[in-house]
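Coordinate analysis (summary)
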Amino acid sequence: MAEPNENERTDDELLGAAGGADVVDDLIVEESALIFRGYVMERFSTENPAMHVSPEDLGGRPDEMDDPRIKVVVEQLLKIADDLNRNAEFQHLISTVEANCAQDVFMTVARSIFADGINWGRIVALFHLAYQLIYRALTQNHYEIIKTIISWVLQFIREHISAWIRQQGGWGAVLRSVSRWRTVSIIAAVAFIVAAVYWRNTR
């Protein structure tokens, strides 16, 4: 059997060197927290510029948005979200989910979004759902539930999405989907409408 070239390393070895897939997924969840907080702040500044929201308000660090890699991913997700935001049916249905909904309601809707697969558009739909709940919580002075909603998002990502993001090559892979973002956003809108109808019918 030929000896392996010491400069050649398999994917399993690379994962092992980093501590395994679980460690990589942990890093993806940590990055997801930064990206989601950036998404919330950018959308909030667009929809309610008079009210300032900082990373600290969302459980983050003051300087965490200084990373240019995070900024470009957030910008790409916001492009995908633009189509969702213009969808009247989407906006109507998302408004039926209460800001103080129970965790099982949030998780049921989230699982329904991804019931038949994962793509970047569906991930944005998840972000947009959580953003709308946080927006309402902030504007109604229910600050105590904001970090709880963020924890639900990160729990869902850890349990259902982080492995898929790792398989794509990380969050940066969304930048390589630029030519298809309108398609996946339409798919996400349809997925969310189906999920919201399901939630409404099981209340």
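Keep in mind it's a predicted model, so treat the numbers as computed, not measured. (Residues numbered from 1 in each chain as written. Predicted model: local features only at pLDDT ≥ 70, side-chain atom pairs only at ≥ 80, totals over all residues. Heavy atoms only, no water.)

Moving on to the overall build of the protein chain. For the protein chain, the helix and strand inventory stands at eight helices and zero strands. Going residue by residue from the N terminus, the α and β elements of the protein chain occur as α-α-α-α-α-α-α-α. Burial status across the protein chain gives 48% buried among its 203 residues. Excluding contacts between residues fewer than 6 apart, the proportion of contacts in the protein chain whose partners are at least 24 apart in sequence is 82%. With an accessible surface of roughly 10600 Å², the protein chain has 50% of that area assigned to carbon and sulfur atoms. (Helix = DSSP H or I, 4+ residues; strand = E, 2+ residues; numbered from the N terminus. Buried < 20%, exposed > 50% of the residue type's maximum accessible area, 1.4 Å probe, protein only. Contact = heavy atoms within 4.5 Å. Areas by Shrake-Rupley, 256 points an atom, 1.4 Å probe, with all protein chains shown as cover.)

This part is about the nonpolar core. By size, the foremost hydrophobic cluster in this structure holds 58 residues, and its most contacted members are L77, F106, W120, I123, F127, I134 and W171. Put simply, the parts of the chain that give this core at least two residues each are helix 2 (21-47), helix 3 (68-85), helix 5 (103-113), helix 6 (120-139) and helix 7 (146-168). The greatest single-element share of this core, amounting to 14 residues, is contributed by helix 6. (Core = buried A, V, L, I, M, F, W, Y, C linked by side-chain atoms within 4.5 Å.)

Moving on: the layout of surface pockets. In this structure, the largest pocket spans a volume of roughly 260 Å³. Of all the secondary structure elements, the ones that give two or more residues to the lining of the largest pocket are helix 2 and helix 3. Counted by class, the lining of the largest pocket contains 10 nonpolar, four polar and three charged residues. (1 Å grid on protein atoms, 1.4 Å probe; cavity = no way out; pocket = protein on both sides within 12 Å on 5 of 7 lines; lining within 4 Å. Points joined across faces, edges and corners; volume = space filled by probe spheres on them. Nonpolar A, V, L, I, M, F, W, Y, C, P; charged D, E, K, R; others polar.)

On to the packing of helix 5 against helix 7, then. Interaxial distance between helix 5 and helix 7 falls to 11 Å at its minimum, and their mutual angle equals 45°. For the element pair helix 5 / helix 7, the angle class is oblique. By crossing handedness, the relation of helix 5 to helix 7 is classed as right-handed. On helix 7, the residues that touch Q103, F106, M107, A110 and R111 of helix 5 are W152, V153, Q155, F156 and H160. Each residue belonging to the contact of helix 5 with helix 7 can be placed in one class, and the counts come to six nonpolar, three polar and one charged. (Axes fitted to C-alpha atoms, helices over the stretch in contact; angles between N-to-C directions. Parallel < 35°, antiparallel > 145°, perpendicular 65-115°, else oblique. Left-handed = near helix turned anticlockwise from the far one by under 90°.)

One pass over the full model with this rule turns up 10 aromatic pairs. Relative to F127, the ring of F36 lies with its centre 4.9 Å away and its plane at 70°, an arrangement referred to as edge-to-face. A residue pair is termed long-range when its members are at least 10 positions apart, and F36 in helix 2 and F127 in helix 6 qualify at 91 residues. Of the two residues, F36 and F127, neither departs from the other in class, the shared state being buried. Connected via pairs of aromatic rings, a cluster forms that spans F36, Y39, F44, W120, F127, Y131, Y135, W164 and W171. (Phe/Tyr/Trp six-rings, centres within 6.5 Å; stacked < 30°, edge-to-face > 60°.)

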